[in-house]
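Spelled out, the chains give:
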Amino acid sequence: MRLEPVANPGLLRRLGLPAAALVATVVTGSLLALSAGADPLATLGLIVTGAVGSKFAALETLNRATPLIFTGLAVAVAFRAKLWNIGAEAQLYAGALVTAVLGAHPIVTGVPGVALIGLAAALAGALVLLGPVLLKTRLGVDEVVTTLLLNFVLLLVVSMLLEGVLKDPMGMGWPKSAPVAKSVRLPRLIEGLRLHWGFGLALIAAGLVWLMQARMRLGYEIRAVGLNRAAARFAGVPVGAVLVKTALISGGLAALAGYSEVAGLKGTLTLDLSPGFGYTGVIVAMLAALHPGGVVVAALFVAGVFVGSDAMSRAAGVPSYIADLLLASALLYMVLAMQLVRYRVVWR
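I will try to describe carefully the structure that is included in this document. (Residues numbered from 1 in each chain as written. Predicted model: local features only at pLDDT ≥ 70, side-chain atom pairs only at ≥ 80, totals over all residues. Heavy atoms only, no water.)

### Some remarks on the layout of surface pockets
Reasoning step 1: Reported here for the largest pocket is a volume of approximately 1,000 Å³.
Reasoning step 2: As for the largest pocket, its lining consists of 29 residues, of which Arg80, Ala288, Ala289, Leu290 and Met338 are closest to the centre.
Reasoning step 3: Here the lining of the largest pocket takes 7 residues from helix 13 (residues 322–342), the largest share from any one element.
Reasoning step 4: Counted by class, the lining of the largest pocket contains 20 nonpolar, 4 polar and 5 charged residues.
Reasoning step 5: Of the pockets and cavities examined, the second largest pocket occupies roughly 480 Å³.
Reasoning step 6: Along the walls of the second largest pocket sit 20 residues, with Leu119, Ala122, Leu208, Leu253 and Leu256 positioned nearest its centre.
Reasoning step 7: Counting residues per element, the ones that place at least two in the lining of the second largest pocket are helix 5 (110–139), helix 7 (197–215) and helix 10 (239–266).
Reasoning step 8: A per-class count over the lining of the second largest pocket returns 18 nonpolar, 2 polar and no charged. (1 Å grid on protein atoms, 1.4 Å probe; cavity = no way out; pocket = protein on both sides within 12 Å on 5 of 7 lines; lining within 4 Å. Points joined across faces, edges and corners; volume = space filled by probe spheres on them. Helix = DSSP H or I, 4+ residues; strand = E, 2+ residues; numbered from the N terminus. Nonpolar A, V, L, I, M, F, W, Y, C, P; charged D, E, K, R; others polar.)

### Some words on empty space enclosed by the protein
Reasoning step 1: Applying the stated criterion across every chain, the model contains 1 cavity of 30 Å³ or more.
Reasoning step 2: There is about 30 Å³ of room inside the largest cavity.
Reasoning step 3: Contributing to the lining of the largest cavity are Phe56, Leu59, Glu60, Leu193, Arg194 and Leu195.
Reasoning step 4: Tallied by class, residues from the lining of the largest cavity come to 4 nonpolar, no polar and 2 charged.

### What about the packing of aromatic side chains?
Reasoning step 1: Going through the model one piece at a time under the given rule, you end up with 1 aromatic pair.
Reasoning step 2: Where phenylalanine 79 meets tryptophan 84, the ring centres are 4.9 Å apart and the plane angle is 75°; that geometry is what we call edge-to-face. (Phe/Tyr/Trp six-rings, centres within 6.5 Å; stacked < 30°, edge-to-face > 60°.)

### What to know about the side chain of glutamate 60
Reasoning step 1: Looking at the secondary structure, you find glutamate 60 in helix 3 (residues 55–80).
Reasoning step 2: Those residues in contact with glutamate 60 that lie beyond four places of it in its chain are Arg194 and Val307. (Contact = heavy atoms within 4.5 Å.)

### So, a nonpolar patch on the surface
Reasoning step 1: A surface patch of nonpolar side chains, about 730 Å² in accessible area, is lined by Leu189, Trp197, Leu201, Ile204, Leu208, Trp210, Leu211 and Met216.
Reasoning step 2: Among the structural elements, leucine 211 can be located in helix 7. (Patch = residues over 30% accessible without salt bridge, like charges linked within 9 Å, V, L, I, M, F, W, Y side chains within 5 Å. Areas by Shrake-Rupley, 256 points an atom, 1.4 Å probe, with all protein chains shown as cover. Salt bridge = Lys/Arg side-chain N within 4 Å of Asp/Glu carboxyl O.)

### Some points on the environment of leucine 227
Reasoning step 1: Structurally, the position occupied by leucine 227 is in helix 8 (residues 217–227).
Reasoning step 2: Along the primary structure leucine 227 and lysine 82 are separated by 145 residues, whereas in three dimensions their C-alpha atoms are 8.1 Å apart.

### Some points on helix 5
Every α-helix carries 3.6 residues per turn, so stepping three or four residues along brings you back to the same face.
Reasoning step 1: Under the 1.5 Å per step criterion, the end-to-end length of helix 5 is 44 Å for 30 residues, consistent within 8% with the ideal 44 Å.
Reasoning step 2: At leucine 130, helix 5 shows its maximal bend, which comes to roughly 25°, and the proline proline 132 appears one to four places after that position.
Reasoning step 3: Looking at the residues trailing helix 5, positive phi occurs at glycine 140, about 75°. (Expected span 1.5 Å × (residues − 1). Bend = angle between axes of the 7 residues up to and from the residue.)

### Quick look at the packing of helix 12 (residues 292–316) against helix 13
Reasoning step 1: As a packed pair, helix 12 and helix 13 sit with axes 9 Å apart at the nearest point and diverge in direction by 155°. It follows that helix 12 is roughly antiparallel to helix 13 by the angle criterion. Every pair of crossing elements has a handedness; the one defined by helix 12 and helix 13 is right-handed. Between helix 12, through Phe301, Val302, Val305, Phe306, Ser309 and Met312, and helix 13, the contact on the second element is made entirely by Ile322, Ala323, Asp324, Leu326 and Leu327. (Axes fitted to C-alpha atoms, helices over the stretch in contact; angles between N-to-C directions. Parallel < 35°, antiparallel > 145°, perpendicular 65-115°, else oblique. Left-handed = near helix turned anticlockwise from the far one by under 90°.)

### Regarding the environment of phenylalanine 199
Reasoning step 1: Looking at the element boundaries, phenylalanine 199 is found in helix 7.
Reasoning step 2: Overall, the relative accessible area of 12% leaves phenylalanine 199 in the buried class.
Reasoning step 3: With 73 residues separating them in the primary sequence, phenylalanine 199 and aspartate 272 have C-alpha atoms 20 Å apart.
Reasoning step 4: When residues no more than four places from it in sequence are discounted, the contact partners of phenylalanine 199 are Leu62, Thr66, Ile69, Leu189 and Leu300. (Buried < 20%, exposed > 50% of the residue type's maximum accessible area, 1.4 Å probe, protein only.)

### A few points about the environment of leucine 123
Reasoning step 1: With respect to the helices, strands and loops of the structure, leucine 123 is situated in helix 5.
Reasoning step 2: A relative accessible area of 51% means that leucine 123 is categorised as exposed.
Reasoning step 3: Put simply, leucine 123 and glycine 251 are 128 residues apart on the chain and 8.0 Å apart in space, counted from C-alpha to C-alpha.

### Observations concerning helix 7
Reasoning step 1: Helix length check: helix 7, at 19 residues, gives a terminal C-alpha distance of 26 Å against a target of 27 Å (1.5 Å per residue), a fit within 8%.
Reasoning step 2: Along helix 7, the residues classified as buried are Gly198, Phe199, Gly200, Ala202, Ala205, Ala206, Val209, Met212 and Gln213.

### Comments concerning the nonpolar core
Reasoning step 1: In terms of nonpolar packing, the biggest core is built from 82 residues, with Leu73 and Leu269 touching the most fellow members.
Reasoning step 2: A per-element tally of this core places helix 3 first, with 12 residues.
Reasoning step 3: Apart from residues lying up to four places away in sequence, leucine 73 is in contact with Ala202, Ala205, Ala206, Val209, Leu253, Pro292 and Val295.
Reasoning step 4: Formed by 6 residues, the second largest nonpolar core is a distinct cluster that contains Ala33, Ala38, Ile47 and Met312. (Core = buried A, V, L, I, M, F, W, Y, C linked by side-chain atoms within 4.5 Å.)

Now the structure itself:
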């Protein structure tokens, strides 16, 4: 058996194989539910109902999708240049930390204050990724290792600060920061419900990333560096500078996930702010084939699976961990489908 490149994949191949991956994911989910002693169709139905079966459920799905859109975009931008950013979790916490510090006692309030804190949070995430990319471009250090390890470093730093100088004196001993002032909180999209303007910012970010990739010179340079770094350098593309710019954009996007969670949803920084949004962003980006529009769809799908699985677990008594297995299966099937779009299997 060997793989041969497919020069011009047809529409059926480009759409059919990803569709087959989704079907395989549904079949896998059914088998998992069956192994847990539940009716597969009823279990899948409960997941769908739990995700979008009511106004509250649908809005919770959008809330859960908000940080996933940001981290998915961060990973997609970096991976497009073959910059393997596995540190979106660290960049998320960097953005959340800056938001908590500046938001507790804001100097500027209102819309300018919201914007300034958001920009500061994005800058913090960008700087977190800047170190690994400079180590990569100057010393050849593998960014997978440095970005991954920074996740644990940032978590320990946040833990230390929450147990020390950032600990809320009114928090009854709980390790959390002082609440963000209402004057710099992201407003609710729907009054009385938890959905906030972070979701709107995530959609705007997706549109801007698409515009950059499709219509701007930097987007072309990022694609060129990702496709063939040596050829891009030969053609005059400043590879090092492009990687640095890519890192700054990617880190900033991931940090906005932390900003939106603290300034929009939670109002305070805690160590369990993220249940793994940074790592899940890798799944979102891969399911989306690194396309910004696909990231939004994939984030909604992943968020729906998590929210729906929680509701399904309560109703059917099936462990909610089925969501993790379902998403892992979806990622594997989609990666395989993407490979088969580009290559055909030849048997000898």
